[in-house]
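# Notes for the structure review
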Amino acid sequence: MDDFETMPVFGVDAILRDVHAQALGREEGEVADYIPELAKADPAPFGIAVATSRGRLHEIGDTRIPFTIQSVSKALTYCMALELVGRAEVLRRVGVEPSGDPFNAIEFDPLTRRPYNPMVNAGAIAIAGILRDVHGDGAFGAVLTRFSEAAGRPLAMNEAVYSSEAATGHRNRAIGHLLVGAGALAEPMDSALDLYFRQCSIEVTAADLAVMGATIAHLGDNPITGRQVFDVAAVRDTQAVMFTCGMYDYSGNWAFDVGVPAKSGVGGGILGVVNRQLGIGTYSPRLDRKGNSVRGVEAFRLLSAEMGLHSFDLTNPGSAFVDSFFAEMPRG
Ligand code: GLN
């Protein structure tokens with residue numbers, strides 16, 4: 001190792017401590033309350049985890065507290081659908097255009113009548129329909145297995161959140177009917193909605209989101225388990241849609257400020273991907289008015305600035321730069 005590699009400017013663990021302390025000061029925002037089960041969440045926990053494409057995990061704060069994955073699941077099921085039926089068929093049912101509308105908007109592309117993109121509810125429900133068409137009753141099992149492989153450990157669904165989502169999801173059912181009308185979802189639509197409610201109710205931790213992100217970053221290969229989880233072409237398309245549409249109607253600001261493909265969920269999680277290099281997972285359940293975790297957004301902004309993670313950051317000449325933060329400090 002040469003001097004550059006053995007003497008980082010500033011180690012990742014010190015950066016994580018600093019970013020966590022700064023973002024912890026953000027105390028505004030509200031825990032999601034559209035279902036009673038989520039309204040019960042403790043607003044206090046805050047964790048940040050970073051997994052490298054070389055299989056190392058760095059964590060600070062509450063990175064092992066389970067919460068429901070919610071809309072972060074949309075990125076992973078999109079990846080699965082691309083693999084299963086191919087890009088053309090997925091595009092026939094769901095577009096790739098940012099909507100600029102809230103995630104639960106009842107809004108469709110006026111020309112094609114398709115959902116704007118797979119990161120809003122309408123698109124994700126249509127994607128759930130594709131997984132149902134291919135896997136039938138085995139669809140949820142396939143999703144749970146794949147999410148578990150991406151996280152590198154067996155995950156489970158939170159039954160109480162699922163029942164609550166299923167019992168109150170009238171708006172999502174309304175979207176389902178419109179999708180059937182537009183030919184983007186097959187009948188019976190209840191099975192696709194049930195899959196959507198279940199996928200949203202899978203429990204993860206910030207550390208899981210980081211490893212899932214690193215799996216995407218590492219060309220679909222989980223860098224900790226060494227297993228190939230996603231197809232490389234699907235991973236490319238998924239990152240593109242995460243970059244343009246992953247943060248709901250904050251996606252433009254996010255691309256401008258943070259500049260990494262990401263997906264957030266109303267459970268308080270955000271999953272970020274630095275292509276070929278890192279996965280980042282944050283958890284803090286207080287949300288801003290657009291449904292993104294306040295501390296999560298702040299943590300990503302700070303991390304991106306500190307480490308030059310923005311995709312178009314001129315100070316980031318590539319992996320050697322990010323690697324310098326992860327080099328071992330010299331001993332003795
Ligand atoms: N289950 C939630 C819903 O369908 C997920 C939304 C989200 O995380 N944005 O409304």
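Keep in mind the model is a prediction, meaning the values are calculated, not measured. (Residues numbered from 1 in each chain as written. Predicted model: local features only at pLDDT ≥ 70, side-chain atom pairs only at ≥ 80, totals over all residues. Heavy atoms only, no water.)

The next point concerns the overall build of the protein chain. A count of helices and strands for the protein chain gives 15 helices and nine strands. Rg of the C-alpha trace for the protein chain: 19 Å, near the compact-globule value of 20 Å for 332 residues, within the 12% margin. The principal-axis extents of the C-alpha atoms in the protein chain amount to approximately 65 × 40 × 35 Å. In the protein chain, buried positions account for 55% of the 332 residues. Within the protein chain, contacts between residues at least 6 apart in sequence are counted, and of these 69% link residues at least 24 apart. For the protein chain, the accessible surface area stands at approximately 13600 Å², while carbon and sulfur atoms represent 53% of it. (Helix = DSSP H or I, 4+ residues; strand = E, 2+ residues; numbered from the N terminus. Rg over C-alpha atoms; globule rule 2.2 N^0.38 Å. Buried < 20%, exposed > 50% of the residue type's maximum accessible area, 1.4 Å probe, protein only. Contact = heavy atoms within 4.5 Å. Areas by Shrake-Rupley, 256 points an atom, 1.4 Å probe, with all protein chains shown as cover.)

Put simply, the largest pocket is a space of about 390 Å³. Along the walls of the largest pocket sit 24 residues, with Y34, F103, N104, N121 and V266 positioned nearest its centre. Breaking the lining of the largest pocket down by element, the ones donating at least two residues are β1 (30-31), α8 (159-168), α9 (170-182) and α10 (189-200). Here the residues of the lining of the largest pocket sort into nine nonpolar, eight polar and seven charged. (1 Å grid on protein atoms, 1.4 Å probe; cavity = no way out; pocket = protein on both sides within 12 Å on 5 of 7 lines; lining within 4 Å. Points joined across faces, edges and corners; volume = space filled by probe spheres on them. Nonpolar A, V, L, I, M, F, W, Y, C, P; charged D, E, K, R; others polar.)

Moving on, we get to helix α14 (residues 294-307). End to end, α14 covers 20 Å across 14 residues, agreeing with the expected 20 Å (1.5 Å per residue, within 8%). Of all 14 residues in α14, 11 are buried, a share of seventy percent or more. Residues of α14 that are buried: V294, R295, G296, V297, E298, A299, F300, L302, L303, S304 and M307. Two or three places before G296, at the opening of α14, S293 has a side-chain oxygen 3.0 Å from that residue's backbone nitrogen. Trailing α14 by a residue or two, G308 shows a phi angle of about 65 degrees, which is positive. (Expected span 1.5 Å × (residues − 1). Polar contact = N/O pair within 3.5 Å; in protein donor to acceptor, adjacent residues only side chain to side chain.)

Let's shift gears to the environment of L57. Relative to the assigned elements, L57 resides in strand β3 (residues 57-61). Residue classification places L57 among the partly exposed positions, given a relative accessible area of 29%. C-alpha separation for the pair L57 and V322, spaced 265 residues apart in sequence, amounts to 14 Å. With residues up to four places along the chain from it excluded, the contact list for L57 reads A49, V50, A51, R64, A207, A210 and V211.

This structure, assessed with the given rule, holds one cavity of 30 Å³ or more. Put simply, the largest cavity is a space of about 40 Å³. In this structure, the largest cavity is lined by S99, D101, P102, A105, E107, Y116, V120 and A122. Residues of the lining of the largest cavity, tallied by class, amount to five nonpolar, one polar and two charged.

By themselves these figures say nothing about function.
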